Each structure stands twice: as structure tokens, then as C-alpha cells.
Amino acid sequence: MRTRWRVMPVDTCDIEGVSNYFSKMAGKGYFIKKIGTFAHFRKGEARRATYHLEPLTKKETRPEEELIAYFQETGWEYVCTITGLFHVYVSFEEEPIAIHTDHVVQSYAYEHLHKELKDSQHAMIFMQIAATLILLAGVFLLPDPLQSMITSPVGLYQLVLVQWYAYGIYMMYDKRRKIKRIATQLKEGRDSLQNKSRHKRGYAINYRPLISWGIVMVINILLLCVGLYSDKESYYKNLDTYEEELPVVRLAVIEESTNLIQDKSTTEGIDYRNNVSYKWSILSSNIYIVNEQGVVPNKTWLDGSGEYMPSVRTEFYELRFQFLVKPLVRELDDWIGKNDLEEEVIHEEIKDPRFSSLSITKRDNSEIIVASRNNRVMILRYWGDEELTEHLDDIYTAMTME
Amino acid sequence: MAKKALEGLTESMYYILMAFLKEDRCGKDVIEFVSKKTKDRVKIGPGTLYTILAKYEEEGMIKETAVEGRKRTYAITEKGLQLFKEEFKRLQSCVQDGEGDESV
């Protein structure tokens, strides 16, 4: 026995369309056997067949045996059930006996199905909305949602899932709306279901749900693959073993001191104070994070609080989309400008035509510069006694490095 | 204008309720009753029959009294009887109204 799997080209709530599609397939010798994500056809001798979709009047996976037997007596064979929606029947008679002889009664069946869908979907819609809110919170309750999305694929993945859930909610609502419309039409005495199917025998092709789910699936798989591949290419190295040029301003340049030596803190070969990490992501082609800490022997902090140990942390992003630069800079400025420690914070925008934007935030013991140029963004956090504003040329050089 | 659920009965609903007045019946018996009673004038499709039975059961107009294999038997309830009587009176009035009109 040969079988054939087909993607349903018709919306399952297009009653007339589904019936006509099955009849057309029967005319080619393929008889519907099962319907899930795909329609499962059995090969047989091509013949005329009329299909009928009967709304479920209770939660069941197949009709009661008495009903099947009675339908059989009137020439209608039970075929399968479209989960939660319809029982499918087929008749091979030239003039099949009408399954429904009263529009008002038929509208009850659709009203009942509509009510069932409404009740069962309430819980599902609530769960979908809750999941959506949790996912959104996971991204937008972070202090740096955009930066998180740039550095990690998780945020993007969550946003795609949100769209998926939102589409699922819409699909549920759409199904219910269609069922309700049929019930109303029948109640008003419009026998749109049977008359049309007898005369037109056509169906509107609708791959929209499949395409939508497909796009989301492809995006998810791509995100997953990109995440895995990106992880493979990323690295974390000690700064003293790193020989290539970095798009950062080194601590020695800021300090302008020949006496500066690296202040290492090494555990199992990893220097946690002087290191460079690199990766790329979907939103950023290059991400460098460089930490550097040094010590100048025989020099103390300006306030005399001990041995002078300046440090700098630089984050460099080369974004794939320039429109992300402004929101990222705004987010960084907001985050950096926050004063949770009740210390003095001075934020200042610096006008420099070489940069798209440039700002400096001064705190009690640190300075932070956020600079952007074209699609590049740099955040430089410095703990030391020097003035970062005296190193704008160095920042520009780092940011324009090829 | 279509009738609202059980506020008034359609022809099929009326005859199906009538089928239970004298005895308990299963779906097949109901069809035979209606066919005989109306001399095949009123046809009831299988979908219509079972939708009405489900609706009547849900609304408490009939109740299931026996299940033998595939066969389910139903009986009319007091509520169902009341509904039938009301509909009968309404139809009687309709007929009387028609008889009193000389143009008919």
C-alpha cells in the first residue's frame, strides 16, 4: 500500500476548501487517512469522493461508535479526526445523503466547537502570554538589554521565541474567529458550506502558517548554529602572550610611564587582571574586551592612599548594523550615568568632529569614555590618576584601526 | 431570522423531541420515527440528529438511560416535556391564526 505525505495547502478552518482538496486528491487516487502537521494519503483507485468535516461536539479523538455506525448506514465512512476541530467523513455515493438538514442545528455544532476552543485556548493563551512576558523580561529588565543581545545570541533567540508565541496566539484566535463566522452564517440561514462545495469544488491555497512556522524554525536553527560556530572562534588569552595589535588604548599609553609593570594575578595559567577576549556575534563582527592592570613601583596615588595601581578595561564593538550604534551609546550612557553608590558623577558630552559621539563620565576614582565612530563603539573604563581626555588622539587611532 | 438556541424549535428539533414522548429511543429509532410520522417529508441527516441529541442532553431535555454496545438510548425529561408542550401550543396558535384569516 503506497502512502503519500503532503503539507496541508489549505487552512484547516476553511471547511469547504479542505473538503474540496481531499476530493481532488481522491480524484487522483489519494485518499486522506490521517491529518496532523502533514496530511497522510493512501494510494488507491481514483474515484469520486465527497468529504465532510463535522465539528467536534465534545473532547474526543474519534466519534462515538454509535455515531460512526449511523453515519455508515447513511453512506458516510469515518476517516480521521483533525485534533480538537473536526471529524472527517467520506462518501463515495453519486448523490450523498446530506449530513446536515437543518442550518440552525448545524450552527449549534459550530457554536459548541467555538466555545470549546475558547475554553481550552484561554489557558493556552495565558501560558503563552506569561512565557512571552518572562522572555521579554529576561531581555529588557537587564540594565543593558541591547549590549546583552550584541554579545550573546540568547537575547535574540528570546526575541524570536516571543514572535513565535505571539504568532501562536494569533493563530488560535484566528481559528476561533473563523469557526464563529461559520456559526453565525449558518444561524442566519446561509448554507455557505455545502452549496459552495457543490458548485465550485475549489480551494484557496494557504501556506501562510507553514511558512511562518518555517521561518521561525530556520531563524532558531541559524541562531543556534551561529552561537555554536561563534563560540568555536572566540578566545580568551593572557595579554602578555597576545602579539597582534588591539583596537584599544593600552594602559602604558595612558600612564605614559616607563616604570609601569603588569600587575598579574595568575591562576592555572590564566591572568585574571591582564587579558583579552575576542568573539563575534550576529550583531557584531568583532568584539574585544581587554583588561589591564599595572603597578608603578615607588609611586603612590595622588591622595596618598597607597601604591599606585592603575587599571583599564576596554570594550570594543564593531557593529554589523549602523542603526544600532545610537541606541547602544544611549544605553551605555544611561547605565554609566546611574549613581547607585551616591558618589559624585559628572557626565559631559565632548564635541569632536572625528567621532560620531563622545562622552566622558567622571566618578570618584574612575573615568569612563564612550566613543562611537561609524559602526564602531568603544567603552573605556579607567581607574587611575591620569586624564582620559588627554588621550582622545589615541582613542581615535584605536577606533580607526583596520 | 433564525431561531435562538431552544427559545423556539426548528422542525427537526420539534420532531426529534416528539420521538421521545411515548418511549425511550436510540438515534436510529428516532430517525425511523420521524420518517414514519412525517411520511418522509422531514429528512434528518446524521449530523443534524446527533448535534440535536448532544444539545438536548446538554440542556437537560433528554437523558441517557441505557448503553448497549454501540447503541445509546435516551428518554425525555420533565424539562424536555415542558419545552415540547410550549412549542406545541405555539404551533397550535400559529395554525389557528392562519385558519382565522380568510385570505388563507
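Residues numbered from 1 in each chain as written. Chains lettered and ligands numbered in written order. Predicted model: local features only at pLDDT ≥ 70, side-chain atom pairs only at ≥ 80, totals over all residues. Heavy atoms only, no water.

Please give an account of the interface of chain B and chain A that cites residues and values.
Each partner contributes residues to the interface: chain B has 27 residues there, and chain A has 23 residues. By the criterion of area lost to chain A, the three top residues of chain B are Pro46, Tyr50 and Arg70 of chain B, representing 30% of everything that side buries. If you look at where chain B meets chain A, you find two salt bridges. Put simply, Glu73 of chain A and Lys28 of chain B hold a salt bridge, and the shortest N to O gap is 3.8 Å. Across the contact surface, chain B and chain A share twelve residue pairs in polar contact (both at pLDDT 80 or more). At the level of elements, helix 1 (11–18), helix 2 (27–37), helix 3 (46–59) and strand 3 (71–76) of chain B are the ones that each hand at least two residues to the side of chain B that touches chain A. At nine residues, helix 3 of chain B tops the list of elements feeding residues into the side of chain B that touches chain A. (Contact = heavy atoms within 4.5 Å. Buried area = accessible area lost by both parts, 1.4 Å probe. Salt bridge = Lys/Arg side-chain N within 4 Å of Asp/Glu carboxyl O. Polar contact = N/O pair within 3.5 Å; in protein donor to acceptor, adjacent residues only side chain to side chain. Helix = DSSP H or I, 4+ residues; strand = E, 2+ residues; numbered from the N terminus.)

Outline the confidence of the model for chain B, supporting the account with residue identities and numerical values.
For chain B, mean pLDDT is 87; residues scoring 70 or higher make up 89% of the total. Low pLDDT, under 50, characterises residues 1–5 of chain B; the stretch is placed with 13 contacts to residues that sit more than four places away or in other chains. (pLDDT = per-residue confidence, 0-100.)

Run through the sheet that holds strand 2 (residues 62–68) of chain B, naming residues and quoting values.
All names here are of chain B. Read from one edge to the other, the open sheet built from three strands follows the order 1-3-2, with strand pairing classed as antiparallel. Single-partner strands in this sheet number two, and they are strand 1 (25–26) and strand 2. Examined bridge by bridge, strand 1 and strand 3 share two bridges and lie antiparallel to one another. Note on strand 3: the bridge partner recorded for Arg25 is Tyr74. The strands touched by helix 3 within the sheet are strand 2 and strand 3, with strand 2 carrying the most contacts at an inclination of about 120°. (Pairing = 2+ DSSP bridges. Axes fitted to C-alpha atoms, helices over the stretch in contact; angles between N-to-C directions.)

How would you summarise the side chain of Arg376 of chain A if you had to cite specific residues and measurements?
Residue and element names in this part refer to chain A. Tracing the chain through its elements places Arg376 in strand 17 (residues 376–383). Given a relative accessible area of 10%, Arg376 falls into the buried group. There is a polar contact of 3.2 Å between the side chain of Arg376 and the side chain of Glu318. A distance of 2.7 Å separates the side chain of Arg376 from the backbone oxygen of Met401, its partner in a polar contact. (Buried < 20%, exposed > 50% of the residue type's maximum accessible area, 1.4 Å probe, protein only.)

So, the packing of helix 2 (residues 65–73) of chain A against helix 3 of chain B: which residues are in play, and what are the values?
Between helix 2 of chain A and helix 3 of chain B, whose axes approach to 10 Å, the crossing angle comes to 155°. Looking at the two axes, helix 2 of chain A sits roughly antiparallel to helix 3 of chain B. For the pair helix 2 of chain A and helix 3 of chain B, the sense of crossing is right-handed. For the pair formed by helix 2 of chain A and helix 3 of chain B, the contact residues are Glu66, Leu67, Tyr70 and Phe71 of chain A on the first element and Pro46, Gly47, Leu49 and Tyr50 of chain B on the second. For the contact of helix 2 of chain A with helix 3 of chain B, the residue count by class is six nonpolar, one polar and one charged. (Parallel < 35°, antiparallel > 145°, perpendicular 65-115°, else oblique. Left-handed = near helix turned anticlockwise from the far one by under 90°. Nonpolar A, V, L, I, M, F, W, Y, C, P; charged D, E, K, R; others polar.)

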